[in-house]
Amino acid sequence: MTHLLCAALVDPSPEDMLASAARAALDGADLVEFRMDALRPAPSVSHVAFLLDRSPLPAVVTCRSREQGGSLELPRALRLDILLEAVRRNSAYVDVEWPGEPPLVEARRSSASNTRIISSFHDFDRLPPDLPSILEKMESGPADVVKAAVACHCASQSALLLDLVSRGSKPRIVIGMGLPGLPTRVLGPLHGAEFTFAALDAARRSAPGQPSLSDMLRLFRIRSISPATRIIGVVGNPLGHSLSPLLHNTVFRILDIDAVYLPFEVTSDPADFVMQWSSLHRLDGLSVTIPHKSAVMKACSRIDEETSSIGAANTLYPVPGVGFAAANTDAPAITDVLKTALGASSLRNKSVLVLGAGGAARAAVYGLASAGCDVALSNRTGSRSASLAADFHVRCVPWASRASLRPDILVNMTSVGMHPDVSSTPIDASALSPGMLVFDAVYNPLDTRLLREAAAAGAVTVPGTEMFLRQAARQLKLWLGIDDPPLDDMRRTMLDALHETS
Ligand code: NAP
């Protein structure tokens, strides 16, 4: 399996494009795409020779029309002349908009060139329902490779697009644009795609959702993906800021585990996504995040008592002969974190005030009540806390009275204090006292106002990253049987990423 990776270059001058090509070669690309339509003030035929003669890597020469994603309105004749010149100069590939291949095929014949001709189709708005037949029509032409790049609005569509890659009578490249389409870019070569594209870096994308070379090679490690590679991911919406792909792929790399972890941005029913993806492709485990934690359980044949009581799953794992099992690793993660912070083996009889009554609070109340804590619950919307308190038989405290308690442990499960509203805090500083243990589920920013004020009051503080790490560690055990994940490396990875974005 070759897994060729092409760096798409969109620099405005031929000199900059060559410099980018040199960097792409150093960074590990196999091919470069010279996007001639990116050149300013306009590309010319002489630029083709300039670039091809000096390119450090085999090249794809492309000159897009504006309606197919080009950034300049260029005369059709000029675009064709540029591609003809690339064929005569034996470029590795030219990419021509379907159905423009015939003159290039003729030029290849008459100049005894070996250029491979890619016939391409784009739709920036949608995935056309007739894409399978469009690809078949494209294949009936003289191109060597057919390529479709279409807007992908849900990861369910990426399952269908990937399936199309292997169905061709000629090599295909089928790309879903946008973050929901990312699996098509990472897994395309596994399904036989001629090659896949990456941006030189995140700031220089030539198409929506295009990952960088570094993401493809070092995060998703596409070179080592094979049919045996386990496919795991996170289902949620939106996922643009999710740290889970970074965290889990880092663990796979450190422990040399043959698995890849992908973002699956699902905008439709998550249970449908699970069923569709797993009927077409491998699926060896999932994390589940907002807003799909409840709805995803419909796809599961086994739900443990804890998850069913909480009413939300953050983990799916396959059970041979059964199907997917649902689990909630948030609840035990909270108790793990608090026990570690206290250096105690049990939380029994500790008094805990939980703030919030959303999904995370539900997991916390369940976990803490099950651990034998004396739990009090307070939420801005009293009806929600009343209902949650009744479900788990814990005390409910009016939001206005929350600062009057002096619990051993304060747990913030509201989103108050989260970026961008970083100056907010869910409880007045006067409620914080020396020796209290204060845990804040919010981890962006790392140092919330609540944690700063708690530290100033002499309390012991624990950031939300610790819960995130523990719930991820428990997921690794369920998916892969990992007993001893590299928590220190995971923590460092997560803190570095959060520092970078803050
Ligand atoms: P959710 O279901 O949307 O619940 C949000 C909670 O915050 C509700 O209780 C809501 O109260 C409360 N809230 C929001 N704005 C408020 C305000 N201005 N004043 C008072 N209360 C307010 O969200 P969730 O999934 O439970 O997540 C809650 C927080 O936990 C988020 O910050 C999330 O990032 C974090 N979290 C962290 C981890 C981790 O691993 N560290 C895991 C899961 C969640 P109302 O009911 O009154 O609206």
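Residues numbered from 1 in each chain as written. Predicted model: local features only at pLDDT ≥ 70, side-chain atom pairs only at ≥ 80, totals over all residues. Heavy atoms only, no water.

Turning to helix α3 (residues 76-88), a few remarks are in order. Relative to the 18 Å expected for 13 residues at 1.5 Å per residue, α3 spans 19 Å between its end C-alpha atoms, a close match to the ideal helical length. What α3 keeps buried is the set R79, I82, L83, L84, E85, A86 and V87. Where α3 is buried, its residues meet α2 (45-54), β3 (59-62), β4 (93-97) and α4 (102-110). Just beyond α3, the residue with positive phi is N90, at close to 60 degrees. (Helix = DSSP H or I, 4+ residues; strand = E, 2+ residues; numbered from the N terminus. Expected span 1.5 Å × (residues − 1). Buried < 20%, exposed > 50% of the residue type's maximum accessible area, 1.4 Å probe, protein only. Contact = heavy atoms within 4.5 Å.)

Overall, parallel pairing links the 6 strands, which are arranged β17-β16-β15-β18-β19-β20 in an open sheet. Since the sheet does not close on itself, it has two edges, and those belong to β17 (395-396) and β20 (460-462), each with one partner. Bridge analysis of strand β15 (residues 351-355) against strand β16 (residues 374-378) gives 5 bridges, and the strand direction is parallel. Opposite V354, over in β16, you have L377 as the bridge partner. The sheet contacts of helix α15 (residues 449-456) involve β18 (409-412), β19 (437-440) and β20, and relative to β19 the element is tilted by about 170 degrees. (Pairing = 2+ DSSP bridges. Axes fitted to C-alpha atoms, helices over the stretch in contact; angles between N-to-C directions.)

On to the environment of V174, then. Mapped onto the elements of the fold, V174 is located in strand β7 (residues 172-177). What V174 contacts, discounting residues up to four positions off in sequence, is L135, A148, L161, L164, V165 and T184.

Among the 22 residues in the neighbourhood of the ligand, the closest are listed as A357, A360, N379, T381 and R384. Within the side chain of N379, an N or O atom sits 2.7 Å from an oxygen atom of the ligand. Between the ligand and A441, the relevant distance is 3.0 Å, taken from a nitrogen atom to a main-chain nitrogen or oxygen of the residue. In isolation the ligand offers 920 Å² of accessible surface; the protein chains occlude 76% of this area. Elements that contribute at least two residues to the shell around the ligand include exactly α13 (359-370) and α16 (464-480). Here the shell around the ligand is built from residues that sort into 12 nonpolar, 8 polar and 2 charged. (Near = heavy atom within 4 Å. Polar contact = N/O pair within 3.5 Å; in protein donor to acceptor, adjacent residues only side chain to side chain. Areas by Shrake-Rupley, 256 points an atom, 1.4 Å probe, with all protein chains shown as cover. Nonpolar A, V, L, I, M, F, W, Y, C, P; charged D, E, K, R; others polar.)

The next subject is the side chain of T184. Counting through the fold element by element, T184 comes out in helix α7 (residues 182-187). Relative accessible area serves as the criterion here: at 2%, T184 is assigned to the buried category. Among the polar contacts made by the side chain of T184, one reaches the main-chain carbonyl oxygen of G181 at a distance of 2.6 Å. Setting aside chain neighbours within four positions, we find T184 in contact with S158, L161, L162, V174, I175 and G176.

Now for the domain arrangement of the protein chain. Domains assigned within the protein chain are domain 1 (5-227), domain 2 (232-328) and domain 3 (331-462). Each partner contributes to the interface: domain 2 provides 5 residues, whereas domain 3 provides 7 residues. Between domain 2 and domain 3, roughly 560 Å² of surface is buried when both sides are summed, and carbon and sulfur atoms account for 61% of that area. Of all residues in domain 2, E306, S309 and I310 give up the largest surface area on contact with domain 3, accounting jointly for 70% of the area buried on that side. Run the count over domain 2 and domain 3 and you get 3 residue pairs in polar contact (both at pLDDT 80 or more). Grouping the amino acids of the side of domain 2 that touches domain 3 by side-chain chemistry returns 2 nonpolar, 2 polar and 1 charged. (Domains from an automatic or database assignment. Buried area = accessible area lost by both parts, 1.4 Å probe.)

Let us look at the packing of aromatic side chains. Evaluated as defined, the whole model comprises 8 aromatic pairs. Look at Y366 and F392: their rings are 5.7 Å apart centre to centre, the planes differ by 75 degrees, and that puts the pair in the edge-to-face class. With Y366 in helix α13 and F392 in helix α14 (residues 382-392), this pair connects stretches of sequence that are 26 residues apart. The residues Y366 and F392 share a single accessibility class, namely buried. An aromatic cluster is present here, built from Y93, F195 and F197 joined pairwise through their rings. One Lys or Arg, R402, reaches over the ring of W399 and ends 3.9 Å from the middle of that ring. (Phe/Tyr/Trp six-rings, centres within 6.5 Å; stacked < 30°, edge-to-face > 60°. Lys NZ or Arg CZ within 6 Å of the ring centre and 35° of its normal.)

As summarised here, the arrangement of the 6 strands in space is β10-β9-β11-β13-β14-β12, forming an open sheet in which the pairing is mixed. Each edge of the sheet is formed by a strand with only one pairing partner; in this case those strands are β10 (259-265) and β12 (302-303). For strand β13 (residues 315-319) and strand β14 (residues 323-327), the ladder comprises 5 bridges, and the chain directions are antiparallel. From the neighbouring strand, T315 faces β14, where its bridge partner is A327. Here α16 sits on the sheet and contacts β9 (230-236), β10, β11 (285-288), β13 and β14; the angle it forms with β13, its principal contact strand, is near 15 degrees.

Let's shift gears to the pairing of β9. On a regular strand, one side chain projects to one face of the sheet and the next to the other, so that they alternate. Buried residues dominate β9, accounting for 6 of its 7 residues. Crossover β9 to β10 through helix α9 (residues 244-254) is right-handed. The sheet contact formed by β9 and β11 spans 4 bridges and is parallel. Note that in β11 the partner of I232 across the bridge is G285. (Right-handed = clockwise from strand over helix to strand, strands pointing away.)

On to the pairing of β3. Burial along β3 is two-sided: the residues A59 and V61 and V60 and T62 are all buried. Note that the unit made of strand β2 (residues 31-35), α2 and β3 has a crossover that is right-handed. Pairing geometry for β3 and β4, over 3 bridges, is parallel. Within the sheet, the bridge partner assigned to T62 lies in β4 and is D95. Once the chain exits β3 it traverses α3 before rejoining the sheet at β4, and the crossover so formed is right-handed.

The next subject is unusual backbone geometry. Each neighbour pair has its own omega, and for R40 with P41 the value is 5 degrees, a cis peptide bond. Of note, the bond from W98 into P99 is cis; its omega dihedral lies within 30 degrees of zero at 5 degrees. Its place among the elements puts P99 in the loop between β4 and α4. One non-glycine residue with positive phi stands out, namely N349, at about 70 degrees. With respect to the helices and strands, N349 occurs in the loop between α12 (330-342) and β15. Residue classification places N349 among the exposed residues on the basis of a relative accessible area of 63%.

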